[in-house]
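# Structural characterization, general
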Amino acid sequence: MAIIDDKLVTVPGDGSFAGREMELLIDAGELQSKVAELAEDISGKYPGRCPIIIGILNGSFVFMADLVRKLTIPFEVDFIKLSSYGSETSSSGTVRLLKDISADITGRDVIVVEDIIDTGLTINFLRHRLEEARPTSVAFVTLLLKDEVAKLDFPIDYVGFNIPNRYVVGYGLDIDQQLRGLDAIYALKEN
Ligand code: PRP
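Described in the following lines is the structure provided in the data block. Treat the numbers as computed from the prediction; the structure is a model and nothing was measured.

One finds F63, L67, L144 and I185 to be the most contacted residues of the largest nonpolar core, which totals 30 residues. Sequence-distant contacts of F63, defined by excluding residues within four places in its chain, comprise V35, L38, V113, E114, V141, T142, L143 and Y171. In terms of nonpolar packing, the next biggest core, distinct from the first, is built from 20 residues, I101, V112, I123 and L126 among them.

Given below as structure tokens:
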């Protein structure tokens, strides 16, 4: 990957964003401090319980790996893979289930981990789907929230950072499926 310096990254490969510059938005230290804060909050809310932590693939895998390693409570993990096709001109959209969870969540505490909530389509869909299985509780954690864009039917329990409506990448998030391994969050620069 073509890192120019630690504040600027160029998109590699030959995809539609190849060669575009991305600027630092949230550095690695800020991310790790926030993850520790979120883990402490969550641990304090589930004393003596063992929630199932469900990551939404692919983007959440880095955040979730760091988050769970800072929890001080027992927990289990599972994953779900969803794909959403929103429309800029309509509030409706379609969410496809690409991989379902394996765990039985009936009567369990569930914590959903998302890397980013953009339009809110994915998380709204998932909430309805999970509730059909009658868990004891469902809470939502997102590292990033586009609070000016997201249309949510319910409040998000744990939010890392509210961010502007920009294309962001790194720490699990991709551009052309690349750059998920960056340890900080970068935003696409306008041309
Ligand atoms: C991203 C992200 C969220 C979703 C948020 O996933 O990881 O799951 O979009 O967008 P929404 O609020 O508008 O629904 P994406 O479909 O890009 O897949 P990925 O996680 O595999 O990158």
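The discussion continues.
Lining the immediate surroundings of the ligand are 15 residues, of which E114, D115, T119, G120 and T122 lie closest. Between the ligand and G59 there is a distance of 2.9 Å, counted from an oxygen atom to a backbone nitrogen or oxygen. E114 is positioned with one of its side-chain polar atoms (N or O) 2.8 Å from an oxygen atom of the ligand. Bound to the protein, the ligand loses 81% of the 500 Å² it would expose on its own. Those elements that provide at least two residues to the shell around the ligand are β7 (109-117) and α3 (121-131). Considering only residue class, the shell around the ligand consists of four nonpolar, six polar and five charged.

With that out of the way, let us pick up the pairing of strand β11 (residues 185-188). By the alternation rule, side chains of β11 split into I185 and A187 and Y186 and L188, which are all buried. Of the pairings in the sheet, the one linking strand β3 (residues 21-26) to β11 comprises four bridges and is antiparallel in character. Within β11, the position partnered with M22 by the bridge is L188.

Bringing the pattern of salt bridges into the picture now. Tallying each qualifying case throughout the model produces ten salt bridges. Across the pair D66 and R69 runs a salt bridge whose closest N-O atoms are separated by 2.7 Å. The exposure class of D66 is buried, given its relative accessible area of 13%. By relative accessible area, R69 is classed as exposed at 63%. A salt bridge links E76 to R108; the shortest N-O distance between them is 3.1 Å. Placement of the pair is E76 in strand β5 (residues 76-87) and R108 in the loop between β6 (90-99) and β7, with a sequence separation of 32 residues.

Okay, helix α2 (residues 61-68) next. Of all eight residues in α2, six are buried, a share of seventy percent or more. Buried within α2 we find V62, F63, M64, D66, L67 and V68.

Quick look at a negative patch on the surface now. A contiguous patch of negative charge, built from D6, D27, E30 and D183, is present on the exposed surface. By secondary structure assignment, the location of D6 is in the loop between β1 (2-5) and β2 (8-10).

For the rest of this paragraph, the subject is the environment of D183. Along the chain, the position of D183 falls in the loop between β10 (168-169) and β11. Judged by its relative accessible area of 51%, D183 is exposed. Apart from residues lying up to four places away in sequence, D183 is in contact with A28, L31 and Y171.

Cut-offs applied
- Residues numbered from 1 in each chain as written.
- Predicted model: local features only at pLDDT ≥ 70, side-chain atom pairs only at ≥ 80, totals over all residues.
- Heavy atoms only, no water.
- Core = buried A, V, L, I, M, F, W, Y, C linked by side-chain atoms within 4.5 Å.
- Buried < 20%, exposed > 50% of the residue type's maximum accessible area, 1.4 Å probe, protein only.
- Contact = heavy atoms within 4.5 Å.
- Near = heavy atom within 4 Å.
- Polar contact = N/O pair within 3.5 Å; in protein donor to acceptor, adjacent residues only side chain to side chain.
- Areas by Shrake-Rupley, 256 points an atom, 1.4 Å probe, with all protein chains shown as cover.
- Helix = DSSP H or I, 4+ residues; strand = E, 2+ residues; numbered from the N terminus.
- Nonpolar A, V, L, I, M, F, W, Y, C, P; charged D, E, K, R; others polar.
- Pairing = 2+ DSSP bridges.
- Salt bridge = Lys/Arg side-chain N within 4 Å of Asp/Glu carboxyl O.
- Patch = residues over 30% accessible without salt bridge, like charges linked within 9 Å, V, L, I, M, F, W, Y side chains within 5 Å.
- Lys, Arg positive; Asp, Glu negative; His and termini not counted.
- Charge placed at Lys NZ, Arg CZ, Asp CG, Glu CD.

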